Amino acid sequence: MERPSTFLSKNAGKKLFAFFLIAFLLLNVSWKWVLAQSYVPDLGGFERNVIWGIQRIMSGRSLYTNPENLPFSYVQYMPLYYELLAFLGKLFSIQPGDAHGVYRLARVLNLMISLGFSGIVFLTSFRRFKVPVFLAGIFAILSFLVSDTFTISGRPDSLKAFFLILQVFVLCKSNGLKLRYKMALAFLLSLCCFLCKQDGIVAFGILPLAFLFGAEWKNLSIYIVGAGLVLASGLMFLRWNYGDYFFANTVGGLKNGISLSWFMSVFRGYFGLYVVLFAPALMLAFEFAHEKNRALRVLAASMFVVFFPSLLASLKFGSGVNYFQESLLISCILVPIGISAFSGSAFFRFSTSKWLFPSLAFLLFFGLSGLNWFAGVFLNQEAALKSTYESDLAFATKLKTDFPQGEIMLLTDRQWEDNLTTIFFDCIANPNRDVSAQVFEGKKGDALKGLSNYVSTHPNLILLTRFGQKPSFPGQDFSAFHVSQDFGGYQVWTK
């Protein structure tokens, strides 16, 4: 039956949708660029803890130390991201004491990485699975737009996601690369994921699960042996290179405990929103697990090994939406593969209508976020944040002059996001207060004894609080301290 004429051109709907897509992309990139330069001390996940570790390496200090000795720190994550940023910091002549400079370097790098892994999403869909270029582009851009600010926060999450999605791209290559070379690259990229963060170990599960789906028993056996050797060698090297306290930090610093209330507060709205991606992606992954095409089985295995362990880990106190970054990326490959298998034109009377639907969906989904991005780019309040940073810098300079021999400890509520932790990186005790408090609670108080002893015996110890607050921290007695001076909105406590 002949379709009725319309006052809109045949491609008007598609052009309208492309306009919204590109506009939101440019606005989001601009917003994240502004955030990357921002003086805000935390973009998510206690970013300052990682920045502090980077500063340690840049200044020639050890990254992993005894948590019961000065500086009483827990460095939770594996070393690759810290080492990379320290190297880049030295390369660009950034001084370790330039806290804002280190923040900016880490965030700009992560912004570039996040653009990179969205590019790999596009290439995997278009080149590996022959998804139409426009559809592949839509979901590649979508993967960037739905990525939280965690992706540019100065943390190792984005680098881990990049290595994992790069492994998926490599393993989905159907010809021109022999399986033994794919295995070798899988070992290397999986190890890189693990060297970014401990949960990156799941990357070792992609190829063996794909072999299991296809009943490739010989390949499965070879991979398991090879992966075991690579992982064991990597751990031995880390233990040899980073010393006795590597495991005390990277294992001992993760004892956060389980919290259902935390899970509900963080993820209830998140899953309600992103079910539109996760549900069809998991359904397609189940279908593809039974395919003869190994590339499709790899994609299915990837979704399973990143989603379900993350779902389990999200029950941990302190978990965040960054746990599902890889799940979002792989969903943005799976879903367009499913969409490209169907033609939506038969459902619409007008050809323009099939593009009007996603245009409206994008406007509704990103409407409020788009206003926030617009305000962040054109109405940002960076002047106030910069003023606070400069005030804290002046306070630090004065304090180092007044107490040249004193160790400095920042102790208030562990959620206090401050500039002083990174400004005072070289003379601070208990810098990772959130982790220390979680470990204290996880060990039922059987922790931080070294800190307690230091507090009670060190004569030159200085405590800092915001004006009007008393110093407090789990398991510590500060009754011997009194206020000695006020300055810049802080109070200085000495014995």
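Residues numbered from 1 in each chain as written. Predicted model: local features only at pLDDT ≥ 70, side-chain atom pairs only at ≥ 80, totals over all residues. Heavy atoms only, no water.

## Examining the overall build of the chain
Within the chain, the regular secondary structure consists of 18 helices and 5 strands. Relative to the globule expectation of 23 Å for 495 residues, the C-alpha radius of gyration of the chain, 25 Å, shows essentially globular dimensions. Taken along the three principal axes of its C-alpha coordinates, the chain extends 90 × 60 × 45 Å. Out of the 495 residues in the chain, the part that is buried amounts to 54%. Taking the intrachain contacts of the chain between residues at least 6 apart in sequence as the baseline, contacts between residues at least 24 apart amount to 77%. When the accessible surface of the chain is summed, it comes to about 22200 Å², and 65% of that surface belongs to carbon and sulfur atoms. Charge separation in the chain, taken as the distance between the mean sites of 42 positive and 28 negative side-chain charges, equals 12 Å. (Helix = DSSP H or I, 4+ residues; strand = E, 2+ residues; numbered from the N terminus. Rg over C-alpha atoms; globule rule 2.2 N^0.38 Å. Buried < 20%, exposed > 50% of the residue type's maximum accessible area, 1.4 Å probe, protein only. Contact = heavy atoms within 4.5 Å. Areas by Shrake-Rupley, 256 points an atom, 1.4 Å probe, with all protein chains shown as cover. Lys, Arg positive; Asp, Glu negative; His and termini not counted. Charge placed at Lys NZ, Arg CZ, Asp CG, Glu CD.)

## Describing the sheet that holds strand β3 (residues 462-466)
Taken in spatial order, the 5 strands line up as β2-β1-β3-β5-β4 in an open sheet, and their pairing is mixed. The open sheet has two edge strands, β2 (428-429) and β4 (482-487), and neither has a second partner. Two strands pair when backbone bridges link them, and β3 and strand β5 (residues 490-494) are joined in this way by 4 bridges, in the antiparallel orientation. Its bridge partner lying in β5, Thr465 is registered against Gln491. This element, helix α15 (residues 382-402), spans β1 (408-410), β3, β4 and β5 of the sheet and lies at about 130° to β4. (Pairing = 2+ DSSP bridges. Axes fitted to C-alpha atoms, helices over the stretch in contact; angles between N-to-C directions.)

## Concerning the packing of aromatic side chains
The geometry of an aromatic ring pair is captured by two quantities: the separation of the ring centres and the angle between the planes. Applying the stated criterion across every chain, the model contains 41 aromatic pairs. Ring geometry for Phe395 against Tyr490: centres 4.8 Å apart, planes inclined by 25°, an arrangement best described as stacked. Of this pair, Phe395 sits in helix α15 while Tyr490 sits in strand β5, and the two are 95 residues apart along the sequence. Just as Phe395 is buried, Tyr490 falls in that class too. For the cation-ring pair, Lys14 lies above Phe134, with the distance from its terminal atom to the ring centre recorded as 4.9 Å. One residue, Arg128, lies across the ring of Phe169, its end atom 3.8 Å from the ring centre. (Phe/Tyr/Trp six-rings, centres within 6.5 Å; stacked < 30°, edge-to-face > 60°. Lys NZ or Arg CZ within 6 Å of the ring centre and 35° of its normal.)

## Brief notes about unusual backbone geometry
That bond from Leu70 to Pro71 is cis: its omega, 5°, falls within 30 degrees of zero. With respect to the helices and strands, Pro71 occurs in the loop between α2 (47-58) and α3 (80-91). At Phe72, a residue that is not glycine, the phi angle is positive and equals roughly 55°. With respect to the helices, strands and loops of the structure, Phe72 is situated in the loop between α2 and α3. One non-glycine residue, Ser93, lies in positive phi territory at about 60°. Inspection of the secondary structure puts Ser93 in the loop between α3 and α4 (99-129). For Ser93, a relative accessible area of 59% gives the class exposed.

## So, the nonpolar core
One recurring pattern in soluble globular proteins is that nonpolar side chains are buried together. Ile54, Phe129, Tyr223, Met303, Leu334, Phe424 and Leu464 are the most contacted members of the largest nonpolar core, which totals 139 residues. Ranked by residues supplied to this core, first place goes to α4 with 12 residues. Judged by nonpolar contacts, the second largest core, of 19 residues, contains Phe72, Leu451, Leu461 and Leu463. (Core = buried A, V, L, I, M, F, W, Y, C linked by side-chain atoms within 4.5 Å.)

## Digging into the side chain of Arg56
Note on placement: Arg56 falls in helix α2. Of note is the side chain of Arg56, whose polar atom sits 3.0 Å from the backbone oxygen of Ser62. Setting aside chain neighbours within four positions, we find Arg56 in contact with Arg61, Ser62, Thr65, Pro71 and Phe425. (Polar contact = N/O pair within 3.5 Å; in protein donor to acceptor, adjacent residues only side chain to side chain.)

## Observations regarding the packing of α4 against helix α13 (residues 325-340)
Between α4 and α13, the least distance of the axes is 10 Å, while the angle of their chain directions is 30°. By the angle between their axes, α4 is roughly parallel relative to α13. Relative to α13, the crossing made by α4 is right-handed. In this structure, α4 uses Phe117, Val121, Thr124, Ser125 and Phe129 to contact α13, whose residues at the interface are Gln325, Leu329, Cys332, Ile333, Pro336 and Ile337. Partitioning the contact of α4 with α13 into residue classes produces 8 nonpolar, 3 polar and no charged. (Parallel < 35°, antiparallel > 145°, perpendicular 65-115°, else oblique. Left-handed = near helix turned anticlockwise from the far one by under 90°. Nonpolar A, V, L, I, M, F, W, Y, C, P; charged D, E, K, R; others polar.)

## Things to note about the pairing of β4
Bridge count between β4 and β5: 5 bridges; the pairing is antiparallel. If you follow His482 over to β5, its bridge partner there is Thr494.

## Quick notes on a nonpolar patch on the surface
There is a patch of nonpolar side chains on the surface, built from Leu16, Phe19, Leu356, Leu360 and Leu363 and spanning about 440 Å² of accessible area. Listed by contribution, the elements that provide at least two residues to the nonpolar patch are α1 (12-37) and α14 (353-378). The leading source of residues in the nonpolar patch is α14, at 3 residues. (Patch = residues over 30% accessible without salt bridge, like charges linked within 9 Å, V, L, I, M, F, W, Y side chains within 5 Å. Salt bridge = Lys/Arg side-chain N within 4 Å of Asp/Glu carboxyl O.)

## A short note on the environment of Phe139
Position of Phe139 relative to the elements: it lies in helix α5 (residues 133-145). Considering only alpha carbons, one finds Phe139 and Pro336, 197 residues apart in sequence, at a separation of 7.0 Å. With residues near it in sequence (within four places) discarded, Phe139 still touches Val121, Leu277, Cys332, Val335, Pro336 and Ile339.

## A closer look at the side chain of Gln55
Position of Gln55 relative to the elements: it lies in helix α2. A distance of 3.0 Å separates the side chain of Gln55 from the backbone oxygen of Thr422, its partner in a polar contact. Non-local contacts of Gln55, meaning those with residues more than four positions away in its chain, are made with Pro96, Ala99, Val102, Thr422 and Phe425.

## What about the pattern of salt bridges?
Should the charged atoms of two oppositely charged side chains come close, the side chains can pair. Taken as a whole and assessed by the stated rule, the structure comprises 11 salt bridges. Between Glu326 and Lys160 there is a salt bridge; the shortest N-O distance is 2.6 Å. Taken together, the residues Glu326 in helix α13 and Lys160 in helix α6 (residues 157-171) connect sequence positions 166 residues apart. By the burial criterion, Glu326 is buried, and Lys160 matches it.

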